Structure formats: structure tokens, C-alpha cells
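Architecture and fold: a report
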Amino acid sequence: MSELTSSRRHGGLGRTLLWVSIVLSVLLLGFVTALTIRTNPYDSDAEANGISKFKFIEECREQLAESQELETLRGVLQQTGQLRPNQNLHADIGAEPSEIVANTQAAAQGGWTLSAPANISIEGQRAVLGQLGMQCTHDKAQNRTVAQLQLPGAQ
């Protein structure tokens, strides 16, 4: 029998230290996870507001990309020759994630509101043509999210 497989070796202390380090690691991981969950900026009361804050922000992004005002702006830019007929516009929320979370507020009647700038660009291009104001709301009663761009000159 070799020295490494000998039954006379005393590895009890090493094995005990290994198990202690594993238990401490699991406890530390659990503590960090619990702390992170409590301080999650996307954490919200989905029941009180109809949907979670995270889902609301994602729906705002989707609705913004499909907004009627974006199509109106596209038509105006095509008429003035600033946009070719085969080009489409793209809109995205033009704020940092922390600003988006901070600007997302619970509505008094239930639901969410978000006001932020929207970056307007030509689809498929990185360059931003400009920014417009954006309003997004979620109505809890109707379970509907609506995003609107604030076009220049519109009241």
C-alpha cells in the first residue's frame, strides 16, 4: 500500500476544515443573495401596480418602438426629404438604467408612469438623429401599457 492510500494517515483535520469552509461559503452566498434581493431596484409590488416594474419598463420599450408618433415623424421626415422611403425610424429610451428606474413611479390609482427622453435614429444605424420626450403609463384597471412620443410643436 502506498503512503497516499494508507489507512494510517490522519486526514480528519483537513476534512473537517474543508467541510467548515464549504458551510461558511454556502452561508455567505445565502446572505449576499438575500441582501441583493432586498436592494434590487427592479423589485416592486406587481399586485398593487398590475405588473412588475421590470416588465413595465420592457413594455415601454416595446410600445415606444411601435408608437404612432414615430410613424408620424417618419412621414414628416420623408416629405421633407430627410429620410428615404425605404428607411424606418427607431426609438429607444435615451436614459441610463439607473435614471429609468428612478423615473419609474407608481401611479396613484395603481399602475406605473415613466417620463424619459427617447433617442430617435434610423433603423440599422447607430447615429442618433435627436431626442424627444417620452411618456409611458400602465393602467392597472385596463392592464394596458401606452408609450407616447412628444413631437415638436404638438401640445
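Above this note sits the structure.
Now for a look at the structure at hand. Values in this document were obtained by computation on a predicted structure and should not be read as measured data. (Residues numbered from 1 in each chain as written. Predicted model: local features only at pLDDT ≥ 70, side-chain atom pairs only at ≥ 80, totals over all residues. Heavy atoms only, no water.)

**A short note on helix 4 (residues 68-79)**
An α-helix turns once every 3.6 residues. As a result, residues three or four positions apart point the same way. The end-to-end C-alpha distance of helix 4, which contains 12 residues, comes to 17 Å, matching closely the 16 Å that a straight helix rising 1.5 Å per residue would cover. Turning to helix 4, its buried residues are Glu69, Leu70, Leu73, Arg74 and Leu77. Axial view of helix 4: buried residues confined to an arc of 145°, hence all on one face. Residues of helix 4 that are exposed and angled more than 90 degrees away from the buried face: Gln68 and Gln79. Among the structural elements, helix 3 (53-65), strand 1 (89-93), strand 3 (111-122), strand 4 (128-139) and strand 5 (144-150) are those in contact with the buried residues of helix 4. (Helix = DSSP H or I, 4+ residues; strand = E, 2+ residues; numbered from the N terminus. Expected span 1.5 Å × (residues − 1). Buried < 20%, exposed > 50% of the residue type's maximum accessible area, 1.4 Å probe, protein only. Arc of directions from axis to C-beta. Contact = heavy atoms within 4.5 Å.)

**Some details on unusual backbone geometry**
In the Ramachandran plot, asparagine 143 falls in the positive-phi region, its phi being about 50° despite a non-glycine side chain. Here asparagine 143 is to be found in the loop between strand 4 and strand 5.

**Some remarks on the pattern of salt bridges**
The full count for this structure, using the stated rule, is four salt bridges. Taking the shortest distance from any N to any O, the salt bridge between arginine 61 and glutamate 58 comes out at 3.7 Å. Of this pair, arginine 61 and glutamate 58 both sit in helix 3, three residues apart, which is roughly one turn of that helix. Looking at arginine 61, the relative accessible area reads 26%, which means it is partly exposed. (Salt bridge = Lys/Arg side-chain N within 4 Å of Asp/Glu carboxyl O.)

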